[in-house]
Amino acid sequence: MHATSDDAAVQVRAATRGDLAAIAALHTGARAASHRARFPDSPFDVPAEHAREHEAWSRVLERDDTAALCAARHGTVVGAASYRHRDGHRRPAVTLHQLHVDPRHWGTGIGRALHTACLRAWRTAGFSRAVLDVRWHNHRARAFYDALGWRPDPERRPAPDATHLTLTLDLAATAAPPAPCGR
């Protein structure tokens, strides 16, 4: 799968163990950048966070029931996503567990390219609904998903002290998006 952005071609492909270090690093950097907006004096990209994300993505890449994608530009991994079938719910769905972009590449179409690749895979697999959890205070991510048609899940209203918001996307009702071209 290929998509183009403003300045260079983006390749979205299945992630491999060889991508693990790059994915863990960009995930840690993206979380740190997001958290700094809320807690500017707190360190979030410390070695313990790198180790935690490395271990988490290692488990993702080992799971048979979880798909992992990465986006590369000029051979460098700059984004990653993972998802799996959501079992045990009234309405079967696919759950987007992760979608992260290296902060140095925010706004360049990497996130959209990953999202488009996920949509294609979900529709090909026959899913009609997708869900995800987003941190309540992550306004950048919430705006990104809102622009792509994700809406608060009416089946999972957040508690007054919630840290996350569950979003849903009706895959059957939304038209397949065109290949992303930039922002």
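These figures come from a predicted structure and were not determined experimentally. Residue numbering note: each chain is counted from 1, following its sequence as written. Per-residue local features of the predicted model are confined to residues with pLDDT of at least 70, and side-chain atom pairs are confined, for both listing and counting, to 80 or more; whole-chain, interface and lining totals are unaffected and use all residues. Only hydrogens and water are removed before side-chain values are computed, so all heavy atoms of the structure are retained for them.

K.L.:
So what's going on with the overall build of the protein chain? Which residues, and what values?
P.N.:
For the protein chain, the count of helices and strands is 4 helices and 8 strands. For each residue, the accessible area found with a 1.4 Å probe, counting protein chains only, is set against the maximum for its type, and the residue is called buried under 20%, exposed over 50%, and partly exposed in between. In the protein chain, which comprises 183 residues, the proportion classed as buried is 44%. Within the protein chain, residue pairs in contact and separated by at least 24 positions form 63% of the contacts whose partners lie at least 6 positions apart. Every accessible area reported is derived by Shrake-Rupley at a probe size of 1.4 Å, with residue values counting cover from the shown protein chains alone. Taken as a whole, the protein chain presents about 9,800 Å² of accessible surface, with 52% of it coming from carbon and sulfur. Only DSSP runs of H or I with at least four residues qualify as helices, and only runs of E with at least two residues qualify as strands; both kinds are numbered from the N terminus onward. Note on contacts: a residue pair is in contact if any heavy atoms of the two residues lie within 4.5 Å.

K.L.:
A description of unusual backbone geometry should follow, citing residues and the corresponding values.
P.N.:
In the Ramachandran plot, His74 falls in the positive-phi region, its phi being about 55° despite a non-glycine side chain. Of note, His74 is situated in the loop between strand E3 (66-73) and strand E4 (76-86).

K.L.:
Explain the packing of aromatic side chains to me, using residue names and the numbers behind them.
P.N.:
Pairing of aromatic rings covers Phe, Tyr and Trp, the last counted by its six-membered ring, and requires centre-to-centre distances within 6.5 Å; plane angles under 30 degrees mean stacked, over 60 mean edge-to-face, and any other angle means tilted. Scanning all chains against the criterion turns up 4 aromatic pairs. Consider the rings of Tyr83 and Trp122, whose centres lie 5.6 Å apart with planes at 85°: the pair is edge-to-face. With Tyr83 in strand E4 and Trp122 in helix H3 (residues 110-124), this pair connects stretches of sequence that are 39 residues apart. In this pair, the class of Tyr83 matches that of Trp122, namely buried. Between Tyr145 and Trp150 the ring centres are 5.8 Å apart and the planes differ by 70°, which places this aromatic pair in the edge-to-face class. Taken together, the ring pairs connect Tyr83, Trp122, Phe144, Tyr145 and Trp150 into an aromatic cluster. Lysine and arginine charges are scored as sitting over a ring when NZ or CZ, respectively, is within 6 Å of the ring centre and within 35 degrees of the ring normal. Across the ring face of Trp136, the terminal group of Arg142 is positioned such that the distance to the ring centre comes to 4.5 Å.

K.L.:
Mind laying out the pairing of strand E5 (residues 93-101), listing which residues take part and the relevant values?
P.N.:
With respect to burial, E5 is a largely interior element, 7 of its 9 residues being buried. What makes two strands pair is DSSP finding at least two bridges between them. As paired strands, E5 and strand E6 (residues 129-135) are joined by 2 bridges and run parallel to one another. Directly across from Val94, in E6, lies its bridge partner Ala130. Looking down the strands as they point away from the viewer, one classifies a crossover as right-handed if the path from the first strand across the helix to the second runs clockwise. Between the parallel elements E5 and E6, the chain passes through H3 in a crossover that is right-handed.

K.L.:
Which residues make up the pattern of salt bridges, and what values go with them?
P.N.:
By salt bridge we mean one thing: a side-chain nitrogen of Lys or Arg within 4 Å of a carboxyl oxygen of Asp or Glu. Per the counting criterion, the structure on display carries 9 salt bridges. A salt bridge links Arg63 to Asp65; the shortest N-O distance between them is 2.7 Å. One network of salt bridges, with partners in common, ties together Arg31, Arg52 and Glu53.

K.L.:
Can you lay out the pairing of E6 for me, pointing to particular residues and giving the numbers?
P.N.:
For E6, a buried count of 5 out of 7 residues is recorded, marking the element as mostly surrounded by other parts of the structure. Strand direction decides the pairing type here: E6 and strand E8 (residues 164-170), joined by 7 bridges, are antiparallel. When the bridges of E8 are listed, Asp133 appears paired with Thr166.

K.L.:
Tell me about the side chain of Arg129, residues and numbers included.
P.N.:
Positionally, Arg129 belongs in strand E6. Throughout this description, a polar contact denotes any pair of N or O atoms lying within 3.5 Å of each other; where both atoms belong to protein, one of them has to be capable of donating a hydrogen while the other can accept it, and for residues adjacent in sequence the pair is counted only when both atoms sit in side chains. A distance of 2.8 Å separates polar atoms of two side chains, one belonging to Arg129 and the other to Asp153. A polar contact of 3.3 Å, which involves the side chain of Arg129, links it to the side chain of Thr168.

K.L.:
Let's hear about the nonpolar core: which residues, and what values?
P.N.:
In this text, buried Ala, Val, Leu, Ile, Met, Phe, Trp, Tyr and Cys residues form a nonpolar core when linked through side-chain atoms within 4.5 Å. In this structure, Val12, Leu96, Leu114, Trp122, Tyr145, Trp150 and Leu171 are the most contacted members of the largest nonpolar core, which totals 30 residues. Counting residues per element, this core draws most heavily on H3, at 7 residues. Counting residues in each nonpolar core, the second largest holds 11 residues, with Leu20, Ile23, Leu61 and Cys70 among its members.

K.L.:
How would you summarise the environment of Ala71 if you had to cite specific residues and measurements?
P.N.:
Following the sequence through the fold, Ala71 ends up in strand E3. The exposure class assigned to Ala71 is buried, which follows from its relative accessible area of 0%. C-alpha of Ala71 to C-alpha of Ala14: the two residues are 57 residues apart in sequence and 8.8 Å apart in space.

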